[in-house]
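Spelled out from the first residue to the last, the chains are:
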Amino acid sequence: MTEPLRPRALGTDHERVDGWAKVTGTAPYAAEHRVPARAHLRCVQATIARGRVTEVDARAATALDGVLTVLTPFNAPRLRSGHDAELEVLQSDEVWYRGQPVAAVVAETPEVAGQAADLVRVDYAPRQHDVTLSAGREDLYRPEVVNPAHATDTLTGDPDAVFADAARAVEAGYTTAMNHNNPMEPHTTVALWDEATLTLYDSTQGVHPLRDAVCAMTGLAHDRVRVVASYVGGGFGSKGTAHPHVLLAVLAAWRVPGRAVTFALTRRQMFAFVGYRTPTIQRLRLAADIGGRLAGLSNDVVELTARYKEFAEQTGLPARTMYAAPHRRTTHRLAALDLPVPSWMRAPGECPGMFAPEVAMDELAEACGLDPVELRLRNEPETDPETGKPYSSRNVVACLLEGARRFGWRDRPPVARSTRDGDWWVGTGVACSTYPVLATPGASSATVRHRGHGRYEVSIGAADLGTGSWTVLTQIAADALDVPDAHIELRLGDTDLPEASVAGGSSGTTNWGSAVVAAARGFRAAHGDDPRAGDEFTAATPDDGLRDEFARYAFGAQFAEARVDVVTGEIRVPRLLGVFAVGRVLNPRTARSQLVGGMTMGLSMALHEQSVLDERLGFVVNHDLAEYHIATCADVPSVEAHWITEHDPYLNPMGSKGLGEIGIVGTAAAIANAVHHATGVRVRDLPITNDTVLATTREE
């Protein structure tokens, strides 16, 4: 059991520490740091989906005044190979996907750099490409593990046999679309090579992991590379790992030493080489008795990866732990295609992997004549179905019941397509959410230093993506040192600070906060309550010894109202409500912001987001925010995020579970179930579009 912090600052609705700097425009994002002799990079992207570069003619580009250099596969500085194929930019003439960087121009101004990039002529030897994902491909293969290191396939019992003999069964295919991250701040790197030291100002979710990647590719020692990310304008996973643009800026900085090379990606370039959520094809089977109690559950997943580098999303994981089915199977199969490599996007695996089971559960409830909430209550496991471990806490039932009460679920008509309000069919839906509690002992460290007069400097190299880390870590430090939060000066986002893990997997507060608490307690043990100015103590995230004893998850219940126009099939979602069990909520203001943001992003996934792939050319055609639609405030008038009081002593000193991902998980399924309740149309493919429901909602 972890010794808890005594609350003082934690649990209060603390204003954002970084709020004033952001609203006044004084918070420096990656492109806004003051640097000497700034130059600008523009890249040239491949116009074929597979083949080779045979020639790069840069003579017209280099003839322009203000052009400093042009990099090509034939003259770029050499990087180390064998570490990460995605980062081997301009290292060969091979073209793996359309949009791949094949040349780069560095110039005095962004205008000249852009003009020069347009003048670079690239000739190719194209080859036949393949970008088509289907479950029937003969070349699907089984990856060794799925992200990050989970078993690819799992099997308990005989789900096929119980399905054949089941009194009630559901078997169907479900698909989720390719989605692209679109954080407000596009990916940006400013690279400066000066006196044998490389400095990177980067929009990254992890300064130390990014430095590790750069050092691995360049052979530079860690003490010769510094990464700074003071403020980050969103990431959603896409900034969690290094991508080619970072190394492109590094190569350019080597070529023009003493110049700070700025590479700010355009919105369209973000659709080309900074990751995306793989589309999924899921075959879901549920087998139950006449009372709706599950006997078998299986989810067989097909998704894509890149031909040159593998990424296998862990889509089958929610099916392994969510419900008490004694016979279970999950599988993952990949198609290696001529596309950029997929990567993390908010709640990778859990988000698409919850869609199929939760829609299937709605179908099973209908087949059993049960209320969808009641069906879920009947299938609560006593222990984790996958591991047999007890849960540190599992309050799905409390979330469902509280959500149903707040949402007014009791008044819901049991029959689909039974409520009409003028020209709108009206329905409601529910789905559950789950997300693991991720902790990595030793991966993060913090330093507490006394500055005199009762004031403390707390340093950790964490990155705040706008999620509230500046604020919550200040509160954690204040309680751990037992001082007012105004006496804490926090330092973040720099590899000159103690090492920190990536801001991903809803793990930041768990890992960084635990390190801060350990450093604060170590400081008090070493220096007492009356320290001298300059006294300090550094500690790492401790191993609580509980990871192997308990299954640790956050849970939630999502409720949605859908309205579907009887004439046009237009779909609106006027109301979303979620209730979550996320341990101790450290700051209600930032917590609600994360949950509401996740739920809104889930609405976006359900109704809008789809990266449309032109298979003839091998690239996404709606590669801007004019045509890649994302949800806005007008798309959901009411979003309510609530949480239950949950005390879990088996987590960390803060008692927290993480909030960044759980809000999106389950939202799309709740909306799909609400659309079915409104119209009687069962939607199994995302996004849900007008034409899907139009035929049956139109008045006859």
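Located above this text is the structure these notes cover.
The sections below set out a description of the structure shown in this document. If you're wondering where the values come from, they're calculated on a predicted model, not measured in any experiment.

### Notes on the sheet that holds strand β24 (residues 553–565)
Sheet strands associate in pairs through backbone hydrogen bonding, adopting either a parallel or an antiparallel arrangement. The five strands lie next to each other as β18-β19-β24-β25-β28, forming an open sheet whose pairing is mixed. Lying at the two open borders of the sheet, with one neighbouring strand each, are β18 (420–421) and β28 (638–643). Across two bridges, β18 lies against strand β19 (residues 424–436) in antiparallel orientation. Within β19, the position partnered with R420 by the bridge is W425.

### A short note on the sheet that holds strand β6 (residues 121–126)
Spatially, the three strands line up as an open sheet ordered β4-β2-β6, and their pairing is antiparallel. One side of each edge strand has no neighbouring strand; the edge strands of this open sheet are β4 (94–95) and β6.

### Description of the pattern of salt bridges
Counted by the stated rule, this structure contains 50 salt bridges. In this structure, D160 engages R329 in a salt bridge whose closest nitrogen and oxygen atoms are separated by 3.0 Å. Within this pair, whereas D160 is found in helix α4 (residues 159–164), its partner R329 is found in strand β17 (residues 327–337), the two being separated by 169 residues in sequence. Residue class for D160 comes out partly exposed when judged on its relative accessible area of 36%. A salt bridge links E185 to K239, with the shortest nitrogen-to-oxygen separation between them at 3.3 Å. Of this pair, E185 sits in the loop between β10 (168–176) and β11 (188–194) while K239 sits in the loop between β13 (225–228) and α6 (244–255), and the two are 54 residues apart along the sequence. Here E185 and K239 have matching classes, each one buried.

### Points about helix α13 (residues 508–527)
Compared with an ideal rise of 1.5 Å per residue, which puts 20 residues at 28 Å, α13 spans 28 Å between its outermost C-alpha atoms and is within 8% of the ideal. By the criterion of burial, α13 is predominantly enclosed, with 14 of the 20 residues buried.

### As for helix α3 (residues 110–119)
Inspection of α3 places V112, A113, A116 and A117 among the buried residues, and these make up the whole buried set. Buried residues of α3 fall within an arc of 135° about the axis and therefore sit on the same side. Facing away from the buried side of α3, by more than 90 degrees, are the exposed residues E111 and D118.

### Focus on unusual backbone geometry
Trans is the common state for peptide bonds, and a negative phi is the common state for residues other than glycine. Cis geometry marks the peptide bond from N147 to P148, where omega comes out at -10°. We note that L90 has phi near 55°; this positive angle belongs to a residue other than glycine. Here L90 lies in the loop between β3 (67–71) and β4. Its identity as a non-glycine residue notwithstanding, D482 has a phi of 60°, on the positive side. D482 sits in the partly exposed class, given a relative accessible area of 39%.

### Observations concerning the side chain of H187
In this structure, H187 sits in the loop between β10 and β11. In terms of polar contacts, H187 uses its side chain to reach the side chain of S238, at 3.2 Å.

### Let's talk about the pairing of strand β2 (residues 51–57)
Summarising the sheet, β2 and β4 pair through two bridges and their orientation is antiparallel. For R52, the partnering residue across the bridge sits in β4 and is E94. For β2 and β6, the ladder comprises six bridges, and the chain directions are antiparallel. When the bridges of β6 are listed, E55 appears paired with D123.

### Things to note about the environment of R121
Following the sequence through the fold, R121 ends up in strand β6. Counting along the chain gives 198 residues from R121 to A319, while the straight-line C-alpha distance between them is 50 Å. Dropping the residues within four chain positions of it, R121 is found in contact with E55, V56 and D57.

### Comments concerning the packing of aromatic side chains
The tally for this structure, following the rule as stated, stands at 14 aromatic pairs. Relative to Y628, the ring of F271 has its centre 5.3 Å away and its plane inclined at 70°; by these criteria the two rings are edge-to-face. With a gap of 357 residues between them, F271 in helix α7 (residues 270–273) and Y628 in the loop between β27 (619–620) and β28 connect regions that are remote in the sequence. Taken individually, F271 and Y628 each receive the classification buried, so the pair is uniform in this respect. On the numbers, 6.0 Å between centres and 35° between planes, the contact of Y553 with F555 is tilted. When the ring centre of F555 is taken as origin, the NZ or CZ atom of R394, which lies over that ring, is 4.7 Å away. Above the face of the W425 ring, R420 is positioned so that its terminal group lies 5.7 Å from the ring centre.

### Topic: the nonpolar core
Ranked by internal contacts, the top residues of the largest apolar core, which has 87 residues, are Y174, L286, L294, F559, I671, V675 and I688. Here this core takes 10 residues from helix α9 (residues 350–368), the largest share from any one element. Discounting residues that sit within four places of it in the chain, V675 has contacts with A562, V564, I571, G680, V681, V683, I688 and V693. The next biggest cluster of nonpolar side chains, apart from the first, holds 86 residues, and it includes L90, A252, A272 and W512.

Conventions and cut-offs
Residues numbered from 1 in each chain as written. Predicted model: local features only at pLDDT ≥ 70, side-chain atom pairs only at ≥ 80, totals over all residues. Heavy atoms only, no water. Pairing = 2+ DSSP bridges. Helix = DSSP H or I, 4+ residues; strand = E, 2+ residues; numbered from the N terminus. Salt bridge = Lys/Arg side-chain N within 4 Å of Asp/Glu carboxyl O. Buried < 20%, exposed > 50% of the residue type's maximum accessible area, 1.4 Å probe, protein only. Expected span 1.5 Å × (residues − 1). Arc of directions from axis to C-beta. Polar contact = N/O pair within 3.5 Å; in protein donor to acceptor, adjacent residues only side chain to side chain. Contact = heavy atoms within 4.5 Å. Phe/Tyr/Trp six-rings, centres within 6.5 Å; stacked < 30°, edge-to-face > 60°. Lys NZ or Arg CZ within 6 Å of the ring centre and 35° of its normal. Core = buried A, V, L, I, M, F, W, Y, C linked by side-chain atoms within 4.5 Å.

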